[in-house]
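Single-letter residue listing:
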Amino acid sequence: MADSARAKQENSITESPHASPLSGRKRAQQSPGSRSRYSVSAPGHCFRKVTLTKPTFCHNCSDFIWGIIGFICEVCNFMCHEKCLKTVRTVCSCMAPTLVRVPVAHCFGPAGPKKKFCCVCRKHLEGNASVRCEVCELHAHSDCAMFTCGDCRVCHQDGNQDIDKFLHHWREGNIPPGSRCEVCRHTCGSSDVLVGMRCEWCGVTTHAACYVAVSPECALGRLRNMLLPPMCVRVCSRNFSKMHCYRISERCQNELDNSDEVDAQIPAPVKEGQLATTPDSGKQVLKVFDGDDAVKRNNFRLVSIPRLTKKEEVVQESALRAFYIPDDPMDFELQCNGQPCLRSEDILNRNGSLNEKAVFKENVSEVWLLRSKPQDTEVLKIYSGWLKVTAPFVLISVSRNSTVDSVIKEVLSQLGRKDDEPSGFNLMEVFMGSKQIQRQVLTGQELLLDKLQEIRKISLRQMNQTRFYVVESRNRAVQVNLLLEGLPVQQTKEEYVDLLQEHLAIKSHVVTISHVYGSQGAVALEISCFSEAERIYMLAKDTSVNNKQLVSLIIPEIMHKKFPKCGSPLLVFVNPKSGGLKGLELLHSFRKLLNPHQVFDMSNGGPLPGLHMFRDVLHFRVLVCGGDGTVGWVLGVLEAIRHKLACPEPPIGIVPLGTGNDLSRVLRWGAGYSGEDPHHILLSVEEAEEVQMDRWTILLDAQEITEDGKENCLEPPKIVQMNNYFGLGIDAELSLDFHHAREEEPGKFNSRFHNKGVYLKAGLQKLSHTRNLHRDLKLQVDKQDVELPSIEGLIFLNIPSWGSGADLWGSEGDSRFEKPRMDDGLLEVVGVTGVVHMGQVQSGMRSGIRLAQGNYVRITATKPLPVQVDGEPWIQAPGHMVISAAGPKMRMLRKSKHKQKKPSTSLKEGRSESPSSSDGGP
Ligand SMILES: [Zn+2]
Ligand SMILES: [Zn+2]
Ligand SMILES: [Zn+2]
Ligand SMILES: [Zn+2]
Ligand SMILES: [Zn+2]
Ligand SMILES: [Zn+2]
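Residues numbered from 1 in each chain as written. Chains lettered and ligands numbered in written order. Predicted model: local features only at pLDDT ≥ 70, side-chain atom pairs only at ≥ 80, totals over all residues.

### Let's talk about the environment of Ser 190
Stated precisely, the cut-off is as follows: Where helices and strands are cited, they refer to DSSP runs of H or I of at least four residues and of E of at least two residues respectively, numbered from the N terminus. Residues are defined as contacting one another if the C-beta atoms placed from their backbone atoms lie within 7 Å.
The residue Ser 190 is located in the loop between strand E7 (170-172) and strand E8 (197-199) in this model. Spatially, the C-alpha atoms of Ser 190 and Ser 62 are 6.9 Å apart, while their sequence positions differ by 128 residues. Not counting chain neighbours up to four residues away, the residues in contact with Ser 190 comprise Phe 57, Ser 62, Pro 177 and Val 195.

Structural data, given as structure tokens:
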């Protein structure tokens, strides 16, 4: 029942003769003459019969169009069978603004490498002049982007609206070719044209003609248990852009800003060729602007019409189409710029009747302005979406002296709320631009018709994307949460307040520090004033304290009490620096598959923002996409702040990026990311099993031991965390390539090991002759002295994979030692005799020399040594090193065995997999 009712409602909206935002104007489709006579059930299109000269697919049913006859919309290039005309449900691009349920801006970034289609003109995206939304499946040419409207996913509540019912969010096209239709079970995807519909949340796919038959409520699909439900997230964002709310880094934004300029400039040169050829083609080209704003930005459309066009209407209609405006051409006129009073009749006079070598030829580069004619009355759609009444909008007739106040009164009476005091409501103008939603409350005495004319004068396109809402005018409490990072560590709350006063001049009556993360040099702020929040946010990005750049992030509020019981949202960290392009694509995919609020780019503030945002969530899991160092970074921050989390031990899964990835191998996530479907990755995270892992701390106490036995402090002692292994000597020396490592993951270095010790270059030079490790080291395991054989490298293993998948301990049984596990509280101590031995271990021919097993290790070094922790090397000054167990074990996620798709074939893979499958498990 609900289904059909919903479908009916949708149809009645889209089929209503008042579907255009400016419904009072006659719709162009109905105007006599020039427009299409093929009647279709979806509004806005202007179908024309065409002869097909190349293989073509139907946008309605996704099938091939056999024969040579097709029907194409002259506005949006929608192509279909004759038989499909009757069932077209896809509205034309010019009508897209009418379908917006909740206006939400997109986050445009540069388009990816895959073949996609433009949602505005439906053509293939070629070259670089195209954009895609970072959080939904919207793709468009750069110069089509401004015609998309703000219909992105609703990922949170922003205090203006409450989501009580969650509905599918349909997006047309760019779905995988093999997709099946939920309704009729036939294939609905294609890689040849823009076809099919897909829900941005649950992933259900259907034909364009079938989607209205799907029940409108969305259950969020297969990933619902790990998805952060939009109704559980709140952000007071106002003027913060979506980019800022989703913490999408400036990288994308810069390119976006550039693309604005591209918008304005590209059309001219590209189409210059077209201009040159027009005299011979029987066509003439007009350079048309849709308002003062476009003139200012020199942002025009070229409109090509037959040269001897006599009908004014045709000229205007072509111009309207170029701007995707669906209204009646009779309501508009073309003016020649510089002669603002020139009426469109002049065009006709110059064009048609007298001289047949048309005047247009010379006027091609002239600037034409498309204007709407003033009206005495109009019928306006007023939306009531936020009032929670059944009708999405009411139609109000507006005349010369209608004021905002009188319109509000009329709306309330039509909605049956006569008794409400009109002064409790506002009329809000909402511009649903593709990049930003602008809301503006209109003042009570404002004349509405003047207002409309004013918007149209600025931009007719903008008018087409503008709506009016009646909203309750009560003031809502403002609370913006910001996280500031990069402050000096280990300060008191008062000291942080002073620092913020000094550097950001915060207004203390509207700003409070809600959380202090002293170990991370970070504070969370609660700000009860928008402009102050915006000021602090922007200023902090430009401020350095003690030569360290501050990082400021908007932190959404999670209303964890609204969570469904079984929900365990996934907190995703991606370090794009460890995976290059693959990392960026993963970041993009996870933002689209999940709620973008739960996906964190680690190059923008590290792991703290995510953990802070999830602090009150009772159950959550973490997915880290990066190298071993990135995993260590997340584990380290988690360790430091876990006492502030409601879920202090979230289980952690890994997507290995870059190289190495020993921990990831042991946990069966693989040796590296080779482009596996991100959706499959998420499913395997859901099915993964939990295992425990020991963690270790290494105390490095550098002291020079002088000849008379006195100890001389060289540098302050430091503590580092170790997850995988700790190596001294040859293995660290081989991986010691600071520059390379820094380039790969600079952020990791900054945060994990601040101080690399005093010996850097000098140390390296000294090293060449100090490889007799057994002479330079004393080793104690569990308080027992361990006699060292002649070795060049000493390694302490926590996990059974070392140096990119090698099994250093070996698999043979040994009565002296326990079988190694990653959760037994024991470290394995192994020696290697030199480079040759290491190579043999790497290739699986030999294992290392087993020396000891224990949980407390003390090393005394008499010379500077290369050391490495989890693959990160440095030179350590002589002195003591103590390894001991660190806090509680970590809960890690191990990929389920039965889900593993490809059995490992290579020897190396096989080795690294086999010990892990028998070890570490419960
Ligand atoms: Zn169309
Ligand atoms: Zn068809
Ligand atoms: Zn396009
Ligand atoms: Zn979007
Ligand atoms: Zn859905
Ligand atoms: Zn279907």
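### A word on the sheet that holds strand E25 (residues 551-554)
The strands that make up a sheet pair up through hydrogen bonds in the backbone, lying either parallel or antiparallel. Operational definition: The pairing criterion for strands is at least two bridges between them, as found by DSSP. Every axis in this analysis is a line fitted to C-alpha atoms, fitted for helices over the stretch in contact. Angles between the N-to-C directions lie between 0 and 180 degrees.
Reading across from one edge, E21-E22-E20-E25 is the order of the four strands in this open sheet, with antiparallel pairing throughout. At either margin of the open sheet sits one strand with a lone partner, and together these are strand E21 (511-517) and E25. Direction aside, neighbouring strands of the sheet carry axes that sit 25° apart on average. As paired strands, strand E20 (residues 480-485) and E25 are joined by four bridges and run antiparallel to one another. Bridge pairing in E25 links Glu 485 to Val 551. The strands that helix H12 (residues 493-504) touches are E21 and strand E22 (522-527); relative to E21, the one it contacts most, it runs at about 125°. Contacting E20, E21, E22 and E25, helix H13 (residues 530-541) runs over the sheet at an angle of about 20° to E20.

### Focus on the sheet that holds strand E38 (residues 793-797)
Strand order in the open sheet formed by six strands is E40-E39-E38-E35-E42-E43, with antiparallel pairing between adjacent strands. Strands with a single pairing partner mark the edges of an open sheet, and in this sheet they are strand E40 (849-854) and strand E43 (872-876). Sheet twist, expressed as the average angle between the axes of neighbouring strands with direction ignored, equals 20°. Bridge count for E38 against strand E39 (residues 827-832) is five bridges, and the pairing is antiparallel. Following the sheet pairing, Leu 797 is matched in E39 by Glu 828.

### Quick notes on helix H10 (residues 448-458)
Put simply, the rule is: Using C-beta atoms placed from the backbone, we call a residue buried if 20 or more other C-beta atoms fall within 10 Å of its own, exposed if 12 or fewer do, and partly exposed for counts in between. As used here, the arc belongs to the directions running from the helix axis to the C-beta atoms.
Every buried residue of H10 is accounted for by Leu 448, Leu 452 and Arg 456. End-on view of H10: buried residues confined to an arc of 80°, all on one side of the axis. Of the residues in H10, the exposed ones pointing more than 90 degrees away from the buried face are Asp 450 and Glu 454. In this fold, the buried residues of H10 make contact with strand E14 (367-372), strand E15 (377-383), strand E16 (393-399), helix H9 (404-414) and helix H11 (460-464).

### Side note on the packing of helix H15 (residues 581-593) against helix H19 (residues 678-687)
Packed helix pairs are specified by the crossing angle of their axes together with the interaxial distance, meaning the distance between the axes. Note the threshold: Oblique is the label for every angle not falling under 35 degrees (roughly parallel), over 145 degrees (roughly antiparallel), or within 65 to 115 degrees (roughly perpendicular). Less than a right angle of anticlockwise turn of the near helix away from the far helix marks a crossing as left-handed, whereas a clockwise turn marks it as right-handed. Just so you know the grouping, Ala, Val, Leu, Ile, Met, Phe, Trp, Tyr, Cys and Pro go in nonpolar, Asp, Glu, Lys and Arg go in charged, and all remaining residues, Gly too, go in polar.
Relative to each other, H15 and H19 sit at 70°, their axes nearing to 10 Å. Relative to H19, H15 is oriented roughly perpendicular. Between H15 and H19 lies a crossing of right-handed hand. Here Leu 586, Ser 589, Phe 590 and Leu 593 of H15 lie close against H19, whose contacting residues are Pro 678, His 679 and Leu 682. Broken down by class, the residue content of the contact of H15 with H19 amounts to five nonpolar, two polar and no charged.

### Looking at unusual backbone geometry
Of note, the phi angle at Leu 220 is positive, near 70°, even though the residue is not glycine. As for its placement among the helices and strands, Leu 220 is situated in the loop between strand E9 (205-206) and strand E10 (233-234). In this structure, Arg 668 is a non-glycine residue whose phi angle is positive, near 70°. Along the polypeptide, Arg 668 turns up in the loop between helix H18 (662-666) and H19.

### Describing the confidence of the model for the protein chain
Counted only if it meets this: Values of pLDDT, ranging from 0 to 100, describe the predictor's confidence in every residue of the model.
Taken over all residues, the pLDDT of the protein chain has a mean of 80, while the share at 70 or more is 79%. Per-residue pLDDT stays below 50 along residues 1-35; that stretch engages in 70 contacts with residues further than four places along the chain or on separate chains. Within the model, pLDDT remains below 50 along residues 252-280, and this stretch shows 35 contacts once partners closer than five positions in the same chain are excluded.

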